[in-house]
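# A closer look at the structure
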Amino acid sequence: MDLSPLWISLKIAVIATIITFVLGILIARLVSKMKKGKAIVDSILSIPLVLPPTVVGFFLLVIFGSNSPIGKVLDKIGANVIFVQEAR
């Protein structure tokens, strides 16, 4: 039995957890020290908790799509964020 998909999933989960933990602590410290604009930043950070995952996925597709400014920059450097099926 091939266990490589399991190991890849575990590696990605551990890396994502570490990155999210570190960024979460840093952003929490930043927001706690803010005087102005705290409610706006807090609202922006709470959006993923309120929106359904399909809406967030759609926004990510729009942001990283080949027609967006970010997508065009990623395309120029050869990075492919969105999975596409290649023609055979």
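Look up a bit, the structure's there.
Nothing here was measured: the structure is a model prediction, and the numbers come from that model.

So, about the overall build of the protein chain. When helices and strands are tallied, the protein chain shows 4 helices and 0 strands. Moving toward the C terminus, one meets the helices and strands of the protein chain in the order α-α-α-α. Against the 2.2 N^0.38 benchmark of 12 Å for 88 residues, the protein chain shows a C-alpha radius of gyration of 18 Å, more extended than a compact globule. Per-residue burial for the protein chain yields a buried fraction of 6% across its 88 residues. In the protein chain, which carries 9 positive and 4 negative side-chain charges, the distance between the mean positions of the two groups comes to 18 Å.

You can see Ser68 is positioned in the loop between α3 (53-64) and α4 (69-76). Here Ile63 takes part through its backbone oxygen, which lies 2.5 Å from a polar atom of the side chain of Ser68.

Before going further, it helps to examine a nonpolar patch on the surface. Together, Val14, Ile15, Ile18, Ile19, Phe21, Val22, Leu23, Ile25, Leu26, Ile27 and Leu45 make up a nonpolar patch on the protein surface, roughly 1000 Å² of accessible area in all. Tallying contributions element by element places helix α1 (residues 4-33) first for the nonpolar patch, with 10 residues. Along the chain, Ile18 turns up in helix α1.

In this section: the packing of aromatic side chains. According to the stated counting rule, one finds 1 aromatic pair in the structure shown. When the centroid spacing of 6.1 Å and the interplanar angle of 50 degrees are considered together, the rings of Phe58 and Phe59 count as tilted.

Looking now at the environment of Ser66. As for its position among the elements, Ser66 is in the loop between α3 and α4. Along the sequence, Ser66 and Lys38 sit 28 residues apart, while their C-alpha atoms lie 33 Å from each other. Excluding its chain neighbours within four sequence positions, the residues that come into contact with Ser66 are Gly71 and Lys72.

On to the packing of α1 against helix α2 (residues 38-50). Close contact between α1 and α2 brings their axes to 9 Å; oriented N to C, the two are set at 155 degrees. As judged from the angle between their axes, α1 and α2 are roughly antiparallel. The two elements α1 and α2 meet at a crossing, and its hand is left-handed. Only Lys38, Val41 and Leu45 of α2 make contact with α1, whose side of the interface consists of Ile27, Val31 and Ser32.

Calculation rules
- Residues numbered from 1 in each chain as written.
- Predicted model: local features only at pLDDT ≥ 70, side-chain atom pairs only at ≥ 80, totals over all residues.
- Heavy atoms only, no water.
- Helix = DSSP H or I, 4+ residues; strand = E, 2+ residues; numbered from the N terminus.
- Rg over C-alpha atoms; globule rule 2.2 N^0.38 Å.
- Buried < 20%, exposed > 50% of the residue type's maximum accessible area, 1.4 Å probe, protein only.
- Lys, Arg positive; Asp, Glu negative; His and termini not counted.
- Charge placed at Lys NZ, Arg CZ, Asp CG, Glu CD.
- Polar contact = N/O pair within 3.5 Å; in protein donor to acceptor, adjacent residues only side chain to side chain.
- Patch = residues over 30% accessible without salt bridge, like charges linked within 9 Å, V, L, I, M, F, W, Y side chains within 5 Å.
- Areas by Shrake-Rupley, 256 points an atom, 1.4 Å probe, with all protein chains shown as cover.
- Salt bridge = Lys/Arg side-chain N within 4 Å of Asp/Glu carboxyl O.
- Phe/Tyr/Trp six-rings, centres within 6.5 Å; stacked < 30°, edge-to-face > 60°.
- Contact = heavy atoms within 4.5 Å.
- Axes fitted to C-alpha atoms, helices over the stretch in contact; angles between N-to-C directions.
- Parallel < 35°, antiparallel > 145°, perpendicular 65-115°, else oblique.
- Left-handed = near helix turned anticlockwise from the far one by under 90°.

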